[in-house]
Amino acid sequence: MSQSRDWQKTFVASVTLAESRKPCILEKILDKRYSHRLDAYHQSFLGRTVIGLSQALLQPLLHIFGENLVYEVVARYFAAHEPQHPSMMIALNFLPDFIRQSANDWYGFFFADIANLSLAQAKLLHGPDPIAGSAILSAGQNLERKIELPPALITTESNADLFAVWMNWTQNHPVADLMCFQQSPATNLLLLKMSALELTAIPISNTLLPLLIQLCKGVTIQSALDNLSEEQIERLDEKELHNFLSAVKS
Amino acid sequence: MPQVLLQSETNQVSKNPECQRFGLGLRSHQFTDLHSLSALPLLEIITDQLVHHQGGPALWHTDRLSARTPTLLHGVGIDLGGAAAFDESYINGLKELIQRYQPLVVSDHLAFTRGGGVYSYELLPLPRTKTNLQHVAARIHHLQERLNRQFTVENISAYVSYNDDEFSEGEFFTELVQSTGCGILLDVNNLFVNAHNFGFDALSELKRFPLAAVTQIHIAGHIDRGDYLFDTHDQKVRSEVITLLHHALQLLSKNIPVILERDDHVTSLEQSLQEISEIKTALENSSENNYVPVT
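Definitions and limits used
Residues numbered from 1 in each chain as written. Chains lettered and ligands numbered in written order. Predicted model: local features only at pLDDT ≥ 70, side-chain atom pairs only at ≥ 80, totals over all residues. Heavy atoms only, no water. Helix = DSSP H or I, 4+ residues; strand = E, 2+ residues; numbered from the N terminus. Buried < 20%, exposed > 50% of the residue type's maximum accessible area, 1.4 Å probe, protein only. Contact = heavy atoms within 4.5 Å. Areas by Shrake-Rupley, 256 points an atom, 1.4 Å probe, with all protein chains shown as cover. Pairing = 2+ DSSP bridges. Axes fitted to C-alpha atoms, helices over the stretch in contact; angles between N-to-C directions. Core = buried A, V, L, I, M, F, W, Y, C linked by side-chain atoms within 4.5 Å. Buried area = accessible area lost by both parts, 1.4 Å probe. Salt bridge = Lys/Arg side-chain N within 4 Å of Asp/Glu carboxyl O. Polar contact = N/O pair within 3.5 Å; in protein donor to acceptor, adjacent residues only side chain to side chain. Nonpolar A, V, L, I, M, F, W, Y, C, P; charged D, E, K, R; others polar. Right-handed = clockwise from strand over helix to strand, strands pointing away.

Structural notes on the overall build of chain B
Moving on, step 1. In terms of regular secondary structure, chain B is built from 11 helices and 12 strands.
Moving on, step 2. For chain B, with 295 residues in total, the buried portion stands at 62%.
Moving on, step 3. Pairs at least 24 apart in sequence give 80% of the contacts found in chain B among residues at least 6 apart.
Moving on, step 4. Looking at chain B as shown, the accessible area adds up to about 11,100 Å², and 49% of this sits on carbon and sulfur atoms.

What about the overall build of chain A?
Moving on, step 1. Scanning chain A for helices and strands turns up 13 helices and 3 strands.
Moving on, step 2. Put simply, chain A has 250 residues, and 50% of those count as buried.
Moving on, step 3. For chain A, restricting intrachain contacts to residue pairs at least 6 apart in sequence, the fraction spanning at least 24 positions comes to 63%.
Moving on, step 4. Accessible surface computed for chain A: about 12,000 Å², of which carbon and sulfur atoms make up 52%.

Things to note about the sheet that holds strand β9 (residues 214-219) of chain B
Residue and element names in this part refer to chain B.
Moving on, step 1. Spatial ordering of the closed barrel is given by β1-β2-β3-β4-β7-β8-β9-β12, a layout of 8 strands whose pairing is parallel. With direction set aside, neighbouring strand axes in the sheet form an average angle of 30°.
Moving on, step 2. With 3 bridges connecting them, strand β1 (residues 22-25) and strand β12 (residues 258-260) associate as parallel partners. Paired with Leu 24 across the two strands is Leu 260, which belongs to β12.

With respect to the nonpolar core
Moving on, step 1. Counting residues in each nonpolar core, the largest one holds 116 residues, and the members touching the most others are Phe11(A), Tyr41(A), Leu176(B), Leu186(B), Ile217(B), Ile219(B) and Ile279(B).
Moving on, step 2. In terms of residue count, helix α5 (residues 67-80) of chain A provides more of this core than any other element does, 8 residues in total.
Moving on, step 3. If sequence neighbours within four positions are ignored, Ile217(B) has contacts with Leu185(B), Leu186(B), Val188(B), Leu245(B), Leu249(B), Leu252(B), Ile256(B), Pro257(B), Val258(B) and Ile259(B).
Moving on, step 4. Leu208(A), Leu211(A), Ile221(A) and Leu228(A) belong to the second-largest nonpolar core, a separate cluster that totals 8 residues.

Regarding the interface of chain A and chain B
Moving on, step 1. At the junction of the two partners, chain A supplies 44 residues and chain B supplies 51 residues.
Moving on, step 2. Across the chain A to chain B interface the summed buried area is about 4,000 Å²; carbon plus sulfur atoms make up 59%.
Moving on, step 3. Counting the contacts that link chain A with chain B gives 1 salt bridge.
Moving on, step 4. Between Arg37(A) and Asp227(B) there is a salt bridge whose closest N-O contact spans 3.3 Å.
Moving on, step 5. Taken together, the connections running from chain A to chain B amount to 15 residue pairs in polar contact (both at pLDDT 80 or more).
Moving on, step 6. At 9 residues, helix α1 (residues 2-16) of chain A tops the list of elements feeding residues into the side of chain A that touches chain B.
Moving on, step 7. Residue composition of the side of chain A that touches chain B, by class: 22 nonpolar, 13 polar and 9 charged.

Details of the pattern of salt bridges
Moving on, step 1. Taken as a whole, this structure holds 12 salt bridges over all chains when the rule is applied.
Moving on, step 2. The salt bridge partner of Arg76(A) is Glu72(A), with a shortest N-O separation of 3.6 Å. Taken as a pair, Arg76(A) and Glu72(A) lie in helix α5 at a separation of 4 residues, close to a single helical turn.
Moving on, step 3. A relative accessible area of 32% means that Arg76(A) is categorised as partly exposed.
Moving on, step 4. What you see here is one network of salt bridges that share partners, running through Asp63(B), Glu96(B) and Arg100(B).

Some details on unusual backbone geometry
All names here are of chain B.
Moving on, step 1. Residue Tyr 121 is not a glycine yet carries a positive backbone phi of 55°.
Moving on, step 2. Relative accessible area serves as the criterion here: at 15%, Tyr 121 is assigned to the buried category.
Moving on, step 3. Look at Asn 148: it is not a glycine, yet its phi comes out positive at around 55°.
Moving on, step 4. Turning to its location among the elements, Asn 148 is positioned in the loop between α6 (130-147) and β7 (152-154).

Topic: helix α8 (residues 188-198) of chain B
Residue and element names in this part refer to chain B.
Moving on, step 1. Judged by how many residues are buried, α8 sits mostly within the fold: 10 of 11 residues are covered.
Moving on, step 2. For α8, every residue scored as buried is listed here: Val 188, Asn 189, Asn 190, Leu 191, Phe 192, Val 193, Asn 194, Ala 195, Asn 197 and Phe 198.
Moving on, step 3. Sitting at the head of α8, Asp 187 places a side-chain oxygen 3.0 Å from the backbone nitrogen of Asn 189.
Moving on, step 4. In the stretch just after α8, Gly 199 is the one whose phi turns positive, near 70°.

Points about the pairing of strand β4 (residues 106-109) of chain B
Residues and elements named next belong to chain B.
Moving on, step 1. Of the two faces of β4, both are covered, the one formed by Val 106 and Asp 108 as well as the one formed by Ser 107 and His 109.
Moving on, step 2. Bridge analysis of strand β3 (residues 71-74) against β4 gives 2 bridges, and the strand direction is parallel. If you follow His 74 over to β4, its bridge partner there is Ser 107.
Moving on, step 3. Following the backbone out of β3, through helix α5 (residues 88-101) and into the adjacent parallel β4, one traces a crossover that is right-handed.
Moving on, step 4. Sheet topology note: the β4/β7 ladder contains 3 bridges and is parallel. Counted as the bridge partner of Ser 107 is Thr 152 from β7.

Here it is in structure tokens:
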């Protein structure tokens with residue numbers, strides 16, 4: 001298997017690194033009639049990475065920066081940070097910092113922010129549940145505390161809304177108000193909690209939104225609950241509420 | 001043992017009143033809409049999106065959807081043809097997902113995905129040699145023992161081939177099935193793409209596969225790059241592929257799940273279900289006379 005180990009390593013390098021494409025070891029074992037198609041794997045790798053990075057933001061990303069620039073930045077990133085983790089999201093962890101540090105051109109700041117936003121979204125979807133605090137609802141004293149909501153944005157998961165949020169963010173950064181974009185009854189929302197340029201995403205369902213709006217008024221949790229209708233109270237999921245409150249607190 | 005499992009899995013599909021033969025690859029942008037369906041299609045869960053899970057919304061949604069319909073687990077990262085040892089954390093995660101979802105089929109690809117500790121996130125072709133046959137068979141044996149169930153292997157799309165190839169795809173799978181009892185995930189689009197890219201007839205090659213071992217079928221779209229076809233999963237399934245699917249279904253005696261894959265230019269759930277409906281209609285209207293061999 002040592003021979004396989006060698007050519008497989010070379011093949012993978014030809015996929016992930018543009019400059020080592022079509023190396024000699026592969027020329028010897030590949031059918032010459034088709035070996036020029038090796039480039040298809042490299043292009044596919046870059047494309048897959050960009051989609052993995054920004055499924056929701058792909059179209060605005062390519063529209064603003066152009067396909068060539070996006071692919072070039074990702075290629076340079078992988079030349080500096082080889083993908084050594086089975087999760088593409090983890091392999092992309094350093095991309096925002098890489099762009100900030102290495103891109104002196106106009107796009108650096110914006111592209112880094114998009115990468116950060118996109119990664120936050122992916123981490124939200126596939127990351128751990130927020131650490132649940134103690135049973136806030138069953139502990140009476142906690143209901144009397146006020147939630148200090150961080151400077152935040154609320155957005156939906158759809159492409160257009162995320163783009164709107166990003167545009168708004170870049171125009172008004174740092175954002176100090178809570179804003180809602182196109183609330184849809186069927187759509188989950190994200191609360192994006194920002195500290196400097198760090199971004200944390202907290203899941204919110206629309207059933208939690210009425211409570212969140214009450215909390216924005218600066219009242220206690222108990223008062224916020226008192227101001228909800230019976231129907232809104234019934235729709236509240238206790239576990240989700242715990243998770244949300246503990247995530248905001250952290 | 002694997003054949004017994006296969007039989008019970010097939011029965012599970014046909015006994016579920018809500019279950020349909022056709023299903024979808026489960027993608028996160030469709031979670032919310034899927035919950036609102038009164039009867040769910042079969043759902044194929046991507047192993048790699050949950051194999052290292054720590055909770056989170058993706059798991060939450062998948063748990064609830066899988067409680068309502070049979071599922072299939074399909075991976076891209078097990079590195080079946082790789083020279084390096086299996087990633088044990090991946091296999092442990094896969095075992096947990098099998099326990100969690102009791103999938104009808106557990107599958108990954110006849111490919112290698114990493115080399116020198118670097119991950120390509122691509123499905124890279126192996127030379128179809130006797131040496132690699134033994135290597136892959138040993139790894140399938142290992143997996144089936146670790147997972148205590150049949151493992152199913154999918155044929156990939158390829159753009160390059162090797163001077164040392166000793167078997168056709170169908171022949172290689174025949175040998176693999178004979179030595180391991182593994183199942184086959186027959187990707188009809190991949191077979192079509194390869195037939196075009198390497199100049200052989202797709203239907204003739206299909207008949208070289210050990211079709212009794214097929215446990216699942218994939219269909220997807222591809223694009224034409226002039227010199228070759230590229231498997232993109234970003235288009236509607238081409239009519240030629242549907243025709244080949246028709247032939248495959250005619251040759252298979254069992255009720256095999258057929259999953260529509262879509263990974264890029266993602267569509268709404270409504271559009272995906274509409275495409276499945278169109279494929280079903282096209283299959284009903286297909287006849288063996290309209291197959292055009294690719295040579």
